[in-house]
Amino acid sequence: MADIDFYTIPMSRGAIVRWALHEVGADYQHHIVDAAKGPGADLLALNPMGKVPTIVHHAADGDHVVTEAAAICTYLAEIYPDAGLAPTEAERADYYRWMYFGAGPFESAIMVLNTGFVAEEGQEKSLGYGTVDRVLSAVDGLLSGRDYVCGDRFTMADVYLCSQISVTTMMGILPATEAMKAYVARCEVRPALAEARGIDFAEFEKQQAAQSET
Ligand SMILES: N[C@@H](CCC(=O)N[C@@H](CS)C(=O)NCC(=O)O)C(=O)O
């Protein structure tokens, strides 16, 4: 049995976790979920949301289920310390701040752009992301002043933030700034990303071919 069971849909948020799995050199087995059919009983038993990515880590002290792409990235960086992608003490504040900002305000802002949701005037005070403009300018400000989330060094926070920026820019959802584009270009030279994308793309093509036969 592999150390990690990984539930994913090709070319979905699961791709973030596949990149993370390759960065840490995890021994994993993927389970491809058919997006058209929806989650099976096996995935629903692990994650009541029926969402991917979901992982099960078969650890010495038992099985641990982790859901939510950002949480999985954080978890993997911690259980594979030799990969050097968890934060040092000095990097911890930036690392957690922007990992959570990515999963919270940034993810919400992206979904607002994707769905066309329009908040009423004054609602920005209670909406966690405030306004889309403020979120985008916060991320632009971060990336204008440094190479990576924690400064000079690539960490797991970059797997998450870069994935979000890169995919949503490709999909035409995010109006990426020059600083965001330069950041993505810096992060995307990682060999682990090329490996992970190769597998994800091959699985996507297999799924497309199988669907066109039915
Ligand atoms: N909050 C979750 C979102 C996961 C999510 O929405 N995954 C989508 C794919 S990108 C999914 O599983 N969709 C299938 C479904 O909802 O049935 C995370 O950050 O991991």
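Note: the structure precedes this text.
Residues numbered from 1 in each chain as written. Predicted model: local features only at pLDDT ≥ 70, side-chain atom pairs only at ≥ 80, totals over all residues. Heavy atoms only, no water.

## Observations concerning unusual backbone geometry
For the bond running from Val52 to Pro53, omega is 0 degrees, close enough to zero to count as cis. For Pro53, the position within the fold is in the loop between helix H2 (41–46) and strand S3 (54–59). One non-glycine residue with positive phi stands out, namely Met11, at about 60 degrees. With respect to the helices and strands, the residue Met11 is situated in the loop between strand S1 (4–8) and helix H1 (14–24). Residue Met11 is classed as partly exposed on the basis of its relative accessible area of 48%. For Glu68, which is not a glycine, the phi torsion comes out positive at approximately 80 degrees. (Helix = DSSP H or I, 4+ residues; strand = E, 2+ residues; numbered from the N terminus. Buried < 20%, exposed > 50% of the residue type's maximum accessible area, 1.4 Å probe, protein only.)

## Section: the site of the ligand
What surrounds the ligand is the set Ile9, Ser12, Arg13, Lys51, Val52, Pro53, Glu68 and Ala69. In this structure, a nitrogen atom belonging to the ligand sits 2.6 Å away from a side-chain N or O atom of Glu68. For the ligand, the accessible surface in isolation is 510 Å², of which the surrounding protein chains cover 71%. Looking at side-chain class alone, the shell around the ligand contains 4 nonpolar, 1 polar and 3 charged residues. (Near = heavy atom within 4 Å. Polar contact = N/O pair within 3.5 Å; in protein donor to acceptor, adjacent residues only side chain to side chain. Areas by Shrake-Rupley, 256 points an atom, 1.4 Å probe, with all protein chains shown as cover. Nonpolar A, V, L, I, M, F, W, Y, C, P; charged D, E, K, R; others polar.)

## Remarks on the nonpolar core
Membership of the largest hydrophobic core comes to 57 residues, with the highest contact counts inside it found for Trp19, Leu76, Phe106, Leu143, Met156, Ile165 and Tyr183. The set of elements that each furnish at least two residues to this core consists of S1, H1, helix H3 (69–79), helix H4 (92–115), helix H5 (132–144), helix H6 (156–170), helix H7 (178–187) and helix H8 (191–213). Looking at this core element by element, the count peaks at 8 residues for H4. When sequence neighbours within four positions are dropped, the list of residues in contact with Met156 reads Ala20, Val24, Cys73, Thr74, Leu76, Ala77, Leu85, Tyr95 and Met99. (Core = buried A, V, L, I, M, F, W, Y, C linked by side-chain atoms within 4.5 Å. Contact = heavy atoms within 4.5 Å.)

## Comments concerning the sheet that holds strand S4 (residues 62–67)
In space, the 4 strands of this open sheet follow the order S2-S1-S3-S4, with mixed pairing throughout. Two strands close off the open sheet at either side, each with one partner strand: strand S2 (28–32) and S4. Neighbour to neighbour, the strand axes of the sheet diverge by 20 degrees on average, direction disregarded. Where S3 meets S4, 6 bridges bridge the pair, whose relative direction is antiparallel. The residue of S4 that forms the bridge with Ala59 is Gly62. Helix-sheet contacts for H1 involve S1, S2 and S3, and the interaxial angle to S1 is about 155 degrees. (Pairing = 2+ DSSP bridges. Axes fitted to C-alpha atoms, helices over the stretch in contact; angles between N-to-C directions.)

## A short note on the pattern of salt bridges
Taken as a whole, this structure holds 10 salt bridges when the rule is applied. A salt bridge links Arg190 to Glu23; the shortest N-O distance between them is 2.8 Å. Of this pair, Arg190 sits in the loop between H7 and H8 while Glu23 is found in helix H1, placing the two residues 167 residues apart along the sequence. Given a relative accessible area of 25%, Arg190 falls into the partly exposed group. (Salt bridge = Lys/Arg side-chain N within 4 Å of Asp/Glu carboxyl O.)

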